[in-house]
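Okay, here's what each chain looks like letter by letter:
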Amino acid sequence: WRTQRRPELLELFKTHVYGRDPGRPKDMTFFTLEQRHGVLNGLANRRQVEVRFAGRRDGPRMTILIYTPAKAKGPVPTFLGLNFRGNHTVTDDPAIRLPHSWVRGRAKGEVVNKRATEKGRGVAKSRWNVTNILKRGYGLATIYYGDIDPDFDDGWKNGVHALYPKPKPDEWGSIATWAWGLSRALDYFETDKDIDHKRVAVMGHSRLGKTSLWAGASDPRFALVISNNSGCGGAALSRRAFGETVKRINTSFPHWFNDNFLRYNDNENACPVDQHMLVALVAPRPVYIASAVGDRWADPHGEFLSGKYANSVYKLYGRIGLPAAKHPPVDTPSMGTIGYHVRSGSHDVKEYDWVQYLKFADKHLKKEK
Ligand code: GCU
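Summary of the structure given here. Worth saying up front: this structure is predicted, and the values here are computed from it rather than measured.

1. So, the nonpolar core
- With 73 residues, the main nonpolar core has F13, Y18, I64, L80, F189 and W214 as its most contacted residues.
- Sort the elements by how many residues they give to this core and helix α4 (residues 174-189) lands first, with 10 residues.
- In this structure F189 touches I64, I66, L80, A141, I195, H197 and V200, once residues within four positions along its chain are discounted.
- Counting 29 residues, the second-largest nonpolar core is a separate cluster that includes V90, W128, Y138 and M335.

See below:
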């Protein structure tokens, strides 16, 4: 598994699904824009760091917002996740910078790209559980995904793609590009003494849950992986063709995967891989898959099965993967080295989800006292 089959599967996923990325840019630099102790009512220290992919402030760049517990005595385990609408949406904190890149907006009922405004501050806070994360001794780092690659099909001219040639059919689509950005954040964490870069949990919801899975599978430096309602191209098995299918996703979002993946429209059985193999690539590291019962589009049962079918690889490492023999009832988590739950309600990230993620992280990332 380790020396032959795993590398082979990783190559197959690169070639047929997500695409190869160019690795760490040699000129990349990190610049601390701002930092402050004792923010969020004394609970946290905040740092905002700009990653300049070409080493220039006028080139492609992303801003990482980092909170660590003010009480921490040393480097802390940290959750890292991309956000959909700007770092300033994850809490009400007035000092979080607005994103420099375009965000999705609406004008006359149509989706348009526009500048972020103050109106967005804190609007996604129900999805982030910032206070609890910090109280439990973890850091939280987040990046606006549009800083890395804006989420529309523009012929690969925007975001970090401006620095590279147009991708070939086996090269990075947007999901692989966002995942590459997460790896660049990890490059930065390796230089930040407040973050334990060996205990970083990568978390994402929906398209960003597909991204966190690919990031965790392709970059073994991530210690733990969380996929929230990731669905097609994430944790759900493509061969079930239930809810969103390969053809549907490639039609609505032609830029997410590489061009080779188009071959599997209405032709899932021809693809040499399926998504349980993606989960298995994370082994022996812990991975958590979460579904929502109302999120039929993401195929909760297919998400459960990919966890279940990854068990055989965890077993090779002497670990129990996902303990549940059958799809567990709603709101009944099952946690081995693979965790799974199906929450009541719809496609979202809720406090309930974070309660499980924190429990799972305590089980796997906390050091023995
Ligand atoms: C759409 C898409 C999903 C995706 C979701 C999201 O519903 O079909 O594949 O996960 O958007 O990212 O919000």
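2. Some thoughts on the packing of α4 against helix α5 (residues 207-218)
- Interaxial distance between α4 and α5 falls to 8 Å at its minimum, and their mutual angle equals 60°. Taken together, α4 and α5 sit at an angle that is classed as oblique. For the crossing formed where α4 meets α5, the hand is right-handed. Contacts from I175, A176, W178, A179 and L182 in α4 reach L208, K210, T211, W214 and A215 in α5.
- Among the residues making up the contact of α4 with α5, the classes are represented as 8 nonpolar, 1 polar and 1 charged.

3. Quick look at the side chain of D353
- Position of D353 among the secondary structure elements: in helix α10 (residues 351-365).
- For D353, the contacting residues outside a window of four places in its chain are N228, A290, H341, R343 and D348.

4. Some points on the packing of aromatic side chains
- Taken as a whole and assessed by the stated rule, the structure comprises 22 aromatic pairs.
- Between Y145 and W178 the ring centres are 4.8 Å apart and the planes differ by 50°, which places this aromatic pair in the tilted class. With Y145 in helix α3 (residues 145-148) and W178 in helix α4, the pair connects residues that are 33 residues apart, well separated along the chain. Like Y145, the residue W178 is buried in the burial classification.
- Members of the aromatic cluster, connected to one another through ring pairs, are F13, Y18, W214, F257, F261 and Y264.

What counts as what
Residues numbered from 1 in each chain as written. Predicted model: local features only at pLDDT ≥ 70, side-chain atom pairs only at ≥ 80, totals over all residues. Heavy atoms only, no water. Core = buried A, V, L, I, M, F, W, Y, C linked by side-chain atoms within 4.5 Å. Buried < 20%, exposed > 50% of the residue type's maximum accessible area, 1.4 Å probe, protein only. Helix = DSSP H or I, 4+ residues; strand = E, 2+ residues; numbered from the N terminus. Contact = heavy atoms within 4.5 Å. Axes fitted to C-alpha atoms, helices over the stretch in contact; angles between N-to-C directions. Parallel < 35°, antiparallel > 145°, perpendicular 65-115°, else oblique. Left-handed = near helix turned anticlockwise from the far one by under 90°. Nonpolar A, V, L, I, M, F, W, Y, C, P; charged D, E, K, R; others polar. Phe/Tyr/Trp six-rings, centres within 6.5 Å; stacked < 30°, edge-to-face > 60°.

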